[in-house]
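Chains, contacts and geometry: an overview
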Amino acid sequence: MASAPLAQQANPSSLPQTAEDVRSKQLEDASRSFAFTSRLDALVAWGRKNSLWPMPYGTACCGIELMSVVGPKYDLARFGAEVVRFSPRQADLLVVAGTITEKMAPVLVHIYEQMLEPKYVLSMGACASSGGFYRAYHVLQGIEQVIPVDVFVPGCPPTPEAVLDGVMSLQKMIADGHPRPWTKQWQRPTWIKPIF
Ligand code: SF4
């Protein structure tokens, strides 16, 4: 048998309500004036994305450009990421800004391993991302060969706006809970020996 047209179907909100329903609705309305609900993981992600503590790993000209990102004009503090730390144990965002030589790779890996979890990596500029114009045996042709990278910022050097865009992309990734298999599956490359 065909069902009744939609307009004739019972609307739950138009049904007579019991006293208990009314009390429950009043309680719900009252609670909205002083409380809100959210998912715990969304709240944690919100806190994480707005309190990144970057560790600058500046080795060349990109490092100079990175300084202007933190300065008053571009003001990284607007994104909650101005607490620059120079100890990996106090940082959760590694910003690699500059050329990384093969000799430096073990140091970079060592620093990455010492950072807090969850940790993120931003590769700033052509040199860090691909070796840049150094097509040479002694330069690492991209830091993702030794550590997992979340965001690549192109440019030589990237503009401060591009770096901020990279930070915002990372924030979105954290807020969305974007899966990061490159980080989960990361293992120290076999050719990198422990420093200590
Ligand atoms: S990408 Fe360009 S600006 Fe950045 S370190 Fe390399 S050469 Fe310097």
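Attention here is on the structure that accompanies the text. (Residues numbered from 1 in each chain as written. Predicted model: local features only at pLDDT ≥ 70, side-chain atom pairs only at ≥ 80, totals over all residues.)

Looking now at the pairing of strand β1 (residues 54-58). The buried fraction of β1 amounts to four of the five residues, a majority that puts the element mostly inside the structure. Note: β1 against strand β2 (residues 93-97), five bridges, orientation parallel. Within the sheet, the bridge partner assigned to Pro 54 lies in β2 and is Leu 93. In terms of handedness, the path from β1 via helix α3 (residues 61-70) over to β2 forms a crossover that is left-handed. (Buried ≥ 20, exposed ≤ 12 C-beta atoms within 10 Å, placed from the backbone. Helix = DSSP H or I, 4+ residues; strand = E, 2+ residues; numbered from the N terminus. Pairing = 2+ DSSP bridges. Right-handed = clockwise from strand over helix to strand, strands pointing away.)

A few words on the site of the ligand. Close to the ligand lie Ala 60, Cys 61, Cys 62, Gly 98, Thr 99, Gly 125, Ala 126, Cys 127, Gly 132, Cys 156 and Pro 157. Those elements that provide at least two residues to the shell around the ligand are α3 and α5 (125-130). Among the elements that line the shell around the ligand, the one with the most residues is α5, at three residues. Partitioned by chemical class, the residues of the shell around the ligand number seven nonpolar, four polar and no charged. (Near = placed C-beta within 6 Å. Nonpolar A, V, L, I, M, F, W, Y, C, P; charged D, E, K, R; others polar.)

Right, let's talk about the packing of helix α2 (residues 40-49) against helix α6 (residues 160-176) for a bit. At their nearest, the axes of α2 and α6 sit 8 Å apart, and the two run at 165° to each other. Considering the angle they form, α2 stands roughly antiparallel to α6. Considering how the two elements wind past one another, α2 and α6 form a crossing that is right-handed. Here α2 contributes Ala 45, Trp 46, Arg 48 and Lys 49 to the contact with α6, which in turn contributes Gln 171, Ile 174 and Ala 175. Considered class by class, the residues forming the contact of α2 with α6 number four nonpolar, one polar and two charged. (Axes fitted to C-alpha atoms, helices over the stretch in contact; angles between N-to-C directions. Parallel < 35°, antiparallel > 145°, perpendicular 65-115°, else oblique. Left-handed = near helix turned anticlockwise from the far one by under 90°. Contact = placed C-beta atoms within 7 Å.)

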